[in-house]
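One-letter residues, chain by chain:
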Number of protein chains: 2
Amino acid sequence: MDFPLVTVTDFVRLQKRLLDHLGIDRLVAVAGPSGGSAQAIQWSVEYPEMVPRVIAVISPGLYIHPYAAAMMDCWTKPILADPAWNGGHYDVAKPPLEGMSQALRLLTLTALSYDVLGEFGYAPADEARHPADSLAHEFKADAMLSEIVQARAPALDANSFIYMVRAFKLYDVRDRLHQSMARYLFMPVESDLVFPPHLSATAVEMLRAAGLDAELFMLKGNGGHLDGLTQMDQARSVLCAFLVN
Amino acid sequence: MDFPLVTVTDFVRLQKRLLDHLGIDRLVAVAGPSGGSAQAIQWSVEYPEMVPRVIAVISPGLYIHPYAAAMMDCWTKPILADPAWNGGHYDVAKPPLEGMSQALRLLTLTALSYDVLGEFGYAPADEARHPADSLAHEFKADAMLSEIVQARAPALDANSFIYMVRAFKLYDVRDRLHQSMARYLFMPVESDLVFPPHLSATAVEMLRAAGLDAELFMLKGNGGHLDGLTQMDQARSVLCAFLVN
């Protein structure tokens, strides 16, 4: 944990160096979902002459709202509390997998939705082991969530996750809007519980108040945050119009 | 953890014994907020002849939806992972306070709202210790949430909490609606993130489909779940009409 903190600005400056290396000096648009939208928006205030358009999908908006930031803190707390984390100096062969799994369970659940969990179902995970009979017996939805988490947790590094969370908690471009020359298209998902649509609506209001051009296109869907990845077809004509205008 | 599981039905049967002891054989209405509403609804199917009316405030509805149930699992996981919990056999002088605090942090955050957290603010908790400078430096909203949690966590017993969560996860009266003779009034809060209004709306639909009388009155408010406790004045005339009809 001696590594200095990194920020979304650092991510964007690194991406800029890559573009410089490739000889690219102007972009048609910068686009991204979720944390990627934060980077896209950061691009527009960091290198305004390069960015005429920003497409921000399932976005936190122009900063991380304290509610979303507090939820992110809930993601990191079980890692910090895992004895295997050891103040960040864990053995890479024995990482804080329990803490990382809890973090990922909460993150995954929030990225899903009532409808998706409803499909997982209310039944016992095992008919012979009903949840009414013992605390050790699980519901199906919880067991399915555990499966998803157990498959993904070993691929994530705990310290990297903690630094990433802090980077996004520090994301805030609100006092730099006057530097932007971009037009913005926000595309929230109506059932998103990670970054609900009102955060995009607030961002559009703030950009317009700063004299910038911003619009919102609501993606329909009952799949929550992840619909931002799967429901983009709905935005085809809106995206085409936004890119050619 | 050798104690048998308890259910919302058990809670209600115990309350019935108290009423029997007091010589009360009919109630004007049974009312409660949140988990209290689950008990009120359970009353109406358990002792239908005693319950003409149910007032269900910030309610999960007629069962705990798998999403809410999965979130409750996220509350208990940090307790189970706390070494001090010791499989439930903890020293009462050294309880699993870290796990209980994490549980309570998530529960408290979910019971609040974007507007309440927005008021907590995005600033550093300590101006001299900016969150951009070190992982050890906190944001104000997170620090205020920690204060709330640290004040309340020592008053809660971890095993009691785990049994309570399981009791509510098992709550489901859907197959017993035909036994009810009650009329129902659901009062969700528009900004509730624990039991969002659509859960009450679904309950009203299901009750009507079962031939029962059910109505919904939406409490306005930006305070989240806890507005179910503070905003009841809005329902004064609706409640009066419901109780005399």
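All of these numbers come straight from a predicted model, not from anything done at the bench.

Conventions adopted
- Residues numbered from 1 in each chain as written.
- Chains lettered and ligands numbered in written order.
- Predicted model: local features only at pLDDT ≥ 70, side-chain atom pairs only at ≥ 80, totals over all residues.
- Heavy atoms only, no water.
- Salt bridge = Lys/Arg side-chain N within 4 Å of Asp/Glu carboxyl O.
- Helix = DSSP H or I, 4+ residues; strand = E, 2+ residues; numbered from the N terminus.
- Buried < 20%, exposed > 50% of the residue type's maximum accessible area, 1.4 Å probe, protein only.
- Pairing = 2+ DSSP bridges.
- Axes fitted to C-alpha atoms, helices over the stretch in contact; angles between N-to-C directions.
- Contact = heavy atoms within 4.5 Å.
- Right-handed = clockwise from strand over helix to strand, strands pointing away.

A. Geometry of the pattern of salt bridges. For the coordinates displayed, the defined rule picks out 18 salt bridges over all chains. R236 of chain A is paired through a salt bridge with D233 of chain A; the nearest N and O atoms lie 3.1 Å apart. K16 of chain B is paired through a salt bridge with D20 of chain B; the nearest N and O atoms lie 3.0 Å apart. With a gap of 4 residues between them, K16 of chain B and D20 of chain B both fall in helix α1 (residues 8-22), about one helical turn apart. Under the relative-accessibility criterion, K16 of chain B is labelled buried at 15%. By relative accessible area, which is 43% here, D20 of chain B ends up partly exposed. Look at the salt bridges and you will find they share partners, linking D73, K77 and K169 of chain A together with D142 of chain B into a network.

B. Representation of the sheet that holds strand β4 (residues 214-216) of chain B within the structure. Residues and elements named next belong to chain B. Ordered by their spatial adjacency, 4 strands build an open sheet running β1-β2-β3-β4, and the pairing between neighbours is parallel. The sheet is open, and its two edges are formed by β1 (30-33) and β4, each paired on a single side. The mean inter-strand angle of the sheet, taken between neighbouring strand axes irrespective of direction, is 10 degrees. Two strands pair when backbone bridges link them, and β1 and strand β2 (residues 53-57) are joined in this way by 4 bridges, in the parallel orientation. Bridge assignment links V30 to a residue of β2, and that residue is V54. Strand contacts of helix α2 (residues 35-46): β1, β2 and β3 (183-187), with the helix running at about 155 degrees to β1, the strand carrying the most contacts. With respect to the sheet, helix α10 (residues 236-244) is in contact with β2, β3 and β4, its orientation differing from that of β2 by roughly 155 degrees.

C. Up close: the sheet that holds strand β1 (residues 30-33) of chain A. Residue and element names in this part refer to chain A. In spatial order, the strands read β1-β2-β3-β4; together these 4 strands make up an open sheet with parallel pairing. Two strands lie at the open edges of the sheet, namely β1 and β4 (213-216), each paired on one side alone. Strand-to-strand, the axes of this sheet are offset by a mean angle of 10 degrees, without reference to chain direction. Alignment of strand β2 (residues 53-57) against strand β3 (residues 183-187), held across 5 bridges, turns out to be parallel. By the bridge assignment, V54 is partnered in β3 with Y184. Along the sheet face, helix α2 (residues 35-46) touches β1, β2 and β3 and points at about 155 degrees away from the line of β1. Lying over the sheet, helix α10 (residues 236-244) contacts β2, β3 and β4, oriented at roughly 155 degrees with respect to β2.

D. View of the pairing of β1 of chain A. Of the two faces of β1 of chain A, only one is covered, namely that formed by V30 and G32 of chain A; the face formed by A31 and P33 of chain A stays uncovered. For the handedness criterion, the β-α-β arrangement of β1 of chain A, α2 of chain A and β2 of chain A is classed as right-handed.

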